[in-house]
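Survey of secondary and tertiary structure
The chain contents come next:
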Amino acid sequence: MTLIHDDGTAVLTTTDPRDGTTIASYPVATADDVRRTVERARDAAAWWAAQGFAGRRRILLAFKGAIARDAKDLAATIARETGKPEGDALLEVMLTLGHLDWATKNAERVLKRRKVKAGLVNYNQHATLGYEPHGVVGVIGPWNYPFYTPMGSISYALAAGNAVVFKPSELTPGTAVWVAGKWREACDRTVLQVVTGDRGTGADLVRAGVDKVAFTGSTASAKKVMAACAESLTPLVAECGGKDALIVAADADLDAAADFIAFGALGNAGQTCVGVERVYVERPVRDALVAKVVDRAGRIAVDGDAPTYGPMTLPSQADVVAAHVDDALSRGGQAVYGGPASISGRTVSPIVLVDVPEDSEAVQRETFGPTVVINAVADLDEAVARANATDYGLGAAVFTKDAHKGERLAARLHAGVVTINSVLGFAAVGALPFGGVKGSGFGRIHGADGLREFSVPKSIARQTRKAALNLLTLERSPRDMHLVERMIPMLHGKGR
Ligand code: NAD
């Protein structure tokens, strides 16, 4: 909640979704505050770049160690702000530190200047390629994984030599402030800073002279951020929403599929960008799969001392869930577990829907709640066609005992990441880049591509001796041009 005081200053007050108690208040940074923060970051960026790979590695490992030693406190902070169980938050911390570690330890290998082949004709050029930092990266994050998600940008941007100004979600500023505190324990320079505030603060950051924007959030907000980036031609990486499909072949291990469907669709109250929202199952095993998913849903507790997942972090998300469920049911879909009555304030018990028309909201739009749609298909071709028929393309999953079939299906799915016989199996693999296609965004975090995303490739060609052919001068001789005429078919004329 944002409060404006009489003197014009504004504060954000956060509350614990589990019981509504007030947690803390944070300033809403003004446009001037944001600009000054970016200026401080620019000074620090020059210092950070000058540390080189070895200097940055030392400080980033100290940063990682400071977070790891206090991981339980961070998990408690995340749980308080999002409402998720502390165990889930601790898992989030572990996954995130794995990426920070990978980025730190692989930055030099991926980004250092290396010689590249100049080719026979360019024998007199010593050609090298290096990756240089952009300068200051503005990171804008969501609330659903308030540490893992923005750190996917922050870790890779820092390891690539950039300074970062991070604007966290208005729902989770405390997690970001906590992380910034750990940075100050590891390094006394303003290489990583946080500005707290609402979406207006995010918009101010985009226009504050940053050299790159890393946005994670909804597709609708990404479009606005991209329009603002266009004003100054500021490059953008956009990690947006999804409507991930999971395909179950008739030969799949149905128990494993049901376990992963429950985890991917219902875990974190369904508030996962790469959560499972749609299942396409081959008709012969449809009833068996539905029964197993319903069985898993029935074991979930949403209240008591040890709930499986917490309440909706964003209260209005429960309204989106209700609207999608109502739309699905009014168009002929059926609820085989739970239903509209499963939504009580911001607590939503699992809802399993079947036979939902493909053009309904629950199939086409991101629900971001603990619901799943299971639709039967005649065959795997139909499953792929339906899986690909939304505006999104973030993740997808395939279940089959046939490894080749799994790989073939994965190749046909329009998504940035596909898992076979698991969901979210990629999330801890540092070397795998992450990002979407279509409405799910563009650009990549994680892996070597994530490091390059936060770098500018710079090519250097050094002439080592005079060329035999005098082509790069204004005084080419007829003999030079005669040789060129003969060389073109020799070098390039054989292709058909
Ligand atoms: P959101 O788009 O409402 O907000 C995300 C962030 O952007 C917040 O910090 C917000 O203050 C800021 N913001 C909003 N409008 C802005 C603007 N015009 N200019 C600058 N900043 C602006 O999203 P949310 O509700 O916080 O997060 C949920 C969404 O994030 C879901 O769609 C989910 O799928 C997506 N998400 C994607 C990934 C991914 O990696 N692809 C990861 C996590 C979440």
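Residues numbered from 1 in each chain as written. Predicted model: local features only at pLDDT ≥ 70, side-chain atom pairs only at ≥ 80, totals over all residues. Heavy atoms only, no water.

The next point concerns the site of the ligand. Looking at the ligand, there are 29 residues lining it, with Gly 141, Glu 170, Ser 218, Ser 221 and Glu 366 nearest. For the ligand, an oxygen atom lies 2.6 Å from a polar atom in the side chain of Ser 221. Burial of the ligand by the protein amounts to 92% of the accessible area it has alone, namely 850 Å². Taken together, the residues that form the shell around the ligand break down as 12 nonpolar, 10 polar and seven charged. Summarising the domain contributions, the shell around the ligand has at least three residues from each of domain 1 (2-240 + 446-456) and domain 2 (244-429). (Near = heavy atom within 4 Å. Polar contact = N/O pair within 3.5 Å; in protein donor to acceptor, adjacent residues only side chain to side chain. Areas by Shrake-Rupley, 256 points an atom, 1.4 Å probe, with all protein chains shown as cover. Nonpolar A, V, L, I, M, F, W, Y, C, P; charged D, E, K, R; others polar. Domains from an automatic or database assignment.)

Before going further, it helps to spend a moment on the UniProt feature "active site" (unreviewed entry) in the chain. The feature "active site" (unreviewed entry), as given by UniProt, occupies Glu 239 and Cys 273 in the numbering adopted here. On the basis of their most widely separated C-alpha atoms, the annotated residues across 35 residues gather in one place, lying no more than 9.2 Å apart. Of the annotated residues named above, the ones that line the largest pocket are Glu 239 and Cys 273. Along the chain, Glu 239 turns up in strand β10 (residues 236-239). In this structure, Glu 239 is in contact with Phe 215, Thr 216, Gly 217, Phe 434, Gly 435, Gly 436, Ser 440, Gly 443, Arg 444 and Ile 445, ignoring residues within four places of it in sequence. Looking at where Cys 273 falls in the secondary structure, it is placed in the loop between α9 (254-266) and β12 (276-282). Discounting chain neighbours no more than four positions away, the residues touching Cys 273 are Asn 144, Cys 240, Gly 242, Asp 244, Glu 366, Phe 368, Leu 394 and Phe 434. (UniProt positions renumbered as here; feature names shortened; annotations may be inferred. 1 Å grid on protein atoms, 1.4 Å probe; cavity = no way out; pocket = protein on both sides within 12 Å on 5 of 7 lines; lining within 4 Å. Helix = DSSP H or I, 4+ residues; strand = E, 2+ residues; numbered from the N terminus. Contact = heavy atoms within 4.5 Å.)

The strand order across the open sheet formed by three strands is β1-β2-β3, and the pairing between neighbours is antiparallel. Both outer strands of the open sheet, β1 (2-4) and β3 (22-27), are each paired with one neighbouring strand and no more. Taking each pair of neighbouring strands and ignoring which way they run, the sheet shows an average axis angle of 30 degrees. Here five bridges tie strand β2 (residues 10-15) to β3, and the two strands are oriented antiparallel to one another. If you follow Leu 12 over to β3, its bridge partner there is Tyr 26. (Pairing = 2+ DSSP bridges. Axes fitted to C-alpha atoms, helices over the stretch in contact; angles between N-to-C directions.)

A large share of strand β6 (residues 136-140) lies buried, amounting to five of its five residues. Neither face of β6 is exposed, since Val 136, Gly 138 and Ile 140 on one face and Val 137 and Val 139 on the opposite face are all buried. Relative to strand β7 (residues 163-167), β6 runs parallel, the two being bridged by five bridges. Opposite Val 139, over in β7, you have Phe 166 as the bridge partner. On the question of chirality, the crossover connecting β6 to the parallel β7 by way of helix α5 (residues 148-159) is right-handed. Sheet analysis places β6 next to strand β9 (residues 212-216), joined by four bridges and oriented parallel. (Buried < 20%, exposed > 50% of the residue type's maximum accessible area, 1.4 Å probe, protein only. Right-handed = clockwise from strand over helix to strand, strands pointing away.)

Moving on: the UniProt feature "domain: Aldehyde dehydrogenase" (unreviewed entry) in the chain. The UniProt entry lists residues 12-460 under the feature "domain: Aldehyde dehydrogenase" (unreviewed entry), expressed in the numbering used here. For residues 12-460, the end-to-end C-alpha separation is 48 Å, with 43% helix and 20% strand making up the annotated structure.

With that settled, the discussion passes to the side chain of Thr 14. Relative to the elements of secondary structure, Thr 14 occurs in strand β2. Judged by its relative accessible area of 2%, Thr 14 is buried. Once residues within four sequence positions are removed from consideration, Thr 14 is found in contact with Thr 21, Thr 22, Ile 23, Ala 24, Tyr 26, Glu 81, Glu 170, Leu 171 and Pro 173.

This model, assessed by the stated rule, comprises seven aromatic pairs. Taken together through their ring pairs, the aromatic side chains of Trp 47, Trp 48, Phe 63 and Trp 183 make up a single cluster. Across the ring face of Phe 53, the terminal group of Arg 56 is positioned such that the distance to the ring centre comes to 5.1 Å. A cation sits over an aromatic face here: Lys 212 above Phe 454, 5.9 Å from the ring centre. (Phe/Tyr/Trp six-rings, centres within 6.5 Å; stacked < 30°, edge-to-face > 60°. Lys NZ or Arg CZ within 6 Å of the ring centre and 35° of its normal.)

Before going further, it helps to spend a moment on the sheet that holds β7. What links the strands of a sheet is backbone hydrogen bonding, and the strands pair in either a parallel or an antiparallel sense. Strands sit in the order β8-β7-β6-β9-β10-β20 across an open sheet of six strands; the sheet is mixed. The open sheet has two edge strands, β8 (192-194) and β20 (441-442), and neither has a second partner. Across the sheet, helix α6 (residues 173-186) touches β7 and β8, and the angle it forms with β8 is around 150 degrees.

Following both chains from N to C, one finds helix α2 (residues 52-69) and α5 inclined at 150 degrees, their axes separated by 10 Å at the closest point. By the angle between their axes, α2 is roughly antiparallel relative to α5. Side by side, α2 and α5 meet where Arg 56, Leu 60 and Phe 63 of the first sit next to Met 151, Leu 158 and Ala 159 of the second. Split into classes, the residues belonging to the contact of α2 with α5 amount to five nonpolar, no polar and one charged. (Parallel < 35°, antiparallel > 145°, perpendicular 65-115°, else oblique.)

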